[in-house]
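Summary of structural features
Residue strings, one per chain:
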Amino acid sequence: MPDASAPAVRFLAPAQVAELLGVQVDEIVELIMQSRLRGARLGAPAVWRVEEASIAEYLSEQAEDARRRALWRQANAASFPELWGPPVRLAD
(Lines give C-alpha, C1' and ligand atoms only; values in the text may rest on other atoms or scores of the structure.)
Protein backbone atom coordinates (compact mmCIF):
# COMPACT_ATOMS: atom_id res chain seq x y z
CA MET A 1 0.00 0.00 0.00
CA PRO A 2 1.45 3.43 -0.92
CA ASP A 3 2.55 5.75 1.86
CA ALA A 4 -0.33 8.20 2.44
CA SER A 5 2.02 10.83 3.89
CA ALA A 6 4.14 11.05 0.72
CA PRO A 7 2.96 13.79 -1.63
CA ALA A 8 1.62 12.56 -4.95
CA VAL A 9 3.72 13.39 -7.98
CA ARG A 10 1.76 15.69 -10.25
CA PHE A 11 2.35 15.95 -13.97
CA LEU A 12 1.39 18.84 -16.24
CA ALA A 13 1.03 19.07 -19.99
CA PRO A 14 3.72 21.09 -21.78
CA ALA A 15 1.05 23.62 -22.79
CA GLN A 16 0.22 24.21 -19.11
CA VAL A 17 3.89 24.67 -18.24
CA ALA A 18 4.38 26.98 -21.23
CA GLU A 19 1.48 29.13 -20.04
CA LEU A 20 2.91 29.26 -16.50
CA LEU A 21 6.35 30.29 -17.73
CA GLY A 22 5.17 32.51 -20.57
CA VAL A 23 7.04 30.62 -23.29
CA GLN A 24 6.17 28.46 -26.30
CA VAL A 25 5.35 24.76 -25.99
CA ASP A 26 8.33 23.91 -28.20
CA GLU A 27 10.63 25.56 -25.66
CA ILE A 28 9.21 23.36 -22.89
CA VAL A 29 9.79 20.22 -24.93
CA GLU A 30 13.34 21.42 -25.63
CA LEU A 31 13.92 21.96 -21.88
CA ILE A 32 12.74 18.38 -21.29
CA MET A 33 15.09 17.07 -23.97
CA GLN A 34 17.98 19.01 -22.35
CA SER A 35 17.03 17.47 -18.96
CA ARG A 36 16.47 20.92 -17.48
CA LEU A 37 12.86 19.90 -16.74
CA ARG A 38 11.91 16.38 -15.70
CA GLY A 39 9.42 14.96 -18.13
CA ALA A 40 8.14 11.68 -19.42
CA ARG A 41 6.00 10.40 -22.26
CA LEU A 42 2.90 8.97 -20.62
CA GLY A 43 -0.35 7.44 -21.81
CA ALA A 44 -1.49 5.90 -25.03
CA PRO A 45 -0.76 7.55 -27.34
CA ALA A 46 2.31 8.75 -25.47
CA VAL A 47 2.35 12.49 -24.80
CA TRP A 48 4.84 14.60 -22.87
CA ARG A 49 4.12 15.38 -19.24
CA VAL A 50 6.29 17.53 -16.95
CA GLU A 51 6.78 16.77 -13.27
CA GLU A 52 5.41 19.79 -11.39
CA ALA A 53 8.24 19.82 -8.81
CA SER A 54 10.83 20.20 -11.57
CA ILE A 55 9.29 23.55 -12.57
CA ALA A 56 10.13 25.09 -9.18
CA GLU A 57 13.64 23.63 -9.37
CA TYR A 58 14.11 25.05 -12.87
CA LEU A 59 12.93 28.50 -11.75
CA SER A 60 15.28 28.38 -8.75
CA GLU A 61 18.19 27.52 -11.05
CA GLN A 62 17.24 30.38 -13.37
CA ALA A 63 17.06 32.83 -10.44
CA GLU A 64 20.45 31.69 -9.14
CA ASP A 65 21.96 32.03 -12.61
CA ALA A 66 20.55 35.57 -12.92
CA ARG A 67 21.92 36.46 -9.47
CA ARG A 68 25.38 35.22 -10.38
CA ARG A 69 25.37 37.07 -13.70
CA ALA A 70 24.35 40.29 -11.94
CA LEU A 71 27.19 39.89 -9.46
CA TRP A 72 29.62 39.22 -12.31
CA ARG A 73 28.49 42.36 -14.17
CA GLN A 74 28.70 44.36 -10.96
CA ALA A 75 32.23 43.11 -10.30
CA ASN A 76 33.31 43.92 -13.86
CA ALA A 77 31.85 47.42 -13.61
CA ALA A 78 33.61 48.21 -10.34
CA SER A 79 36.65 50.43 -10.69
CA PHE A 80 39.77 49.97 -8.64
CA PRO A 81 39.59 53.36 -6.90
CA GLU A 82 36.17 52.39 -5.62
CA LEU A 83 37.60 49.17 -4.24
CA TRP A 84 41.00 50.27 -2.96
CA GLY A 85 40.61 53.99 -2.42
CA PRO A 86 42.20 56.85 -4.35
CA PRO A 87 45.66 56.37 -5.86
CA VAL A 88 48.56 57.08 -3.55
CA ARG A 89 50.87 59.87 -4.74
CA LEU A 90 54.50 59.48 -3.86
CA ALA A 91 56.50 62.56 -2.87
CA ASP A 92 58.65 63.92 -5.69
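Attention in this report is confined to the structure presented alongside it. If you're wondering where the values come from, they're calculated on a predicted model, not measured in any experiment.

1. Some words on unusual backbone geometry
Here the amide bond leading from A44 into P45 is cis, since omega sits at 0 degrees, within 30 degrees of zero. Relative to the elements of secondary structure, P45 occurs in the loop between β2 (39–42) and β3 (47–51). Within the chain, S35 stands out as a residue other than glycine whose phi angle is a positive 65 degrees. When you line up the elements, S35 lands in the loop between α2 (25–33) and β2. The exposure class of S35 is exposed, given its relative accessible area of 63%.

2. Considerations on the pairing of β3
As paired elements, strand β1 (residues 11–12) and β3 share 2 bridges and run antiparallel to each other. Bridged to L12 within β3 is V50. Where β2 meets β3, 4 bridges bridge the pair, whose relative direction is antiparallel. Paired with A40 across the two strands is R49, which belongs to β3. The antiparallel hairpin formed by β2 and β3 contains 4 residues in its connecting segment, where G43 sits at a positive phi of about 85 degrees.

3. Topic: α2
Those residues of α2 that sit buried are I28, L31 and I32. Across the axial projection of α2, the buried residues extend over an arc of 100 degrees, all falling on one side. For α2, the exposed residues set more than 90 degrees away from the buried face come down to D26 and M33. Looking one or two residues past α2, S35 carries a phi angle of roughly 65 degrees, positive in sign.

4. Concerning the sheet that holds β1
As summarised here, the arrangement of the 3 strands in space is β1-β3-β2, forming an open sheet in which the pairing is antiparallel. At either margin of the open sheet sits one strand with a lone partner, and together these are β1 and β2. Of the strands in this sheet, β2 and β3 touch α2, which is tilted by about 70 degrees from β3.

5. Regarding a nonpolar patch on the surface
Among the surface-exposed residues, V9, F11 and L42 lie close enough to one another that they form a single nonpolar patch of about 250 Å² accessible area. Tracing the sequence through the fold places L42 in strand β2. For L42, a relative accessible area of 35% corresponds to the partly exposed category.

Cut-offs and rules
Residues numbered from 1 in each chain as written. Predicted model: local features only at pLDDT ≥ 70, side-chain atom pairs only at ≥ 80, totals over all residues. Heavy atoms only, no water. Helix = DSSP H or I, 4+ residues; strand = E, 2+ residues; numbered from the N terminus. Buried < 20%, exposed > 50% of the residue type's maximum accessible area, 1.4 Å probe, protein only. Pairing = 2+ DSSP bridges. Arc of directions from axis to C-beta. Contact = heavy atoms within 4.5 Å. Axes fitted to C-alpha atoms, helices over the stretch in contact; angles between N-to-C directions. Patch = residues over 30% accessible without salt bridge, like charges linked within 9 Å, V, L, I, M, F, W, Y side chains within 5 Å. Areas by Shrake-Rupley, 256 points an atom, 1.4 Å probe, with all protein chains shown as cover. Salt bridge = Lys/Arg side-chain N within 4 Å of Asp/Glu carboxyl O.

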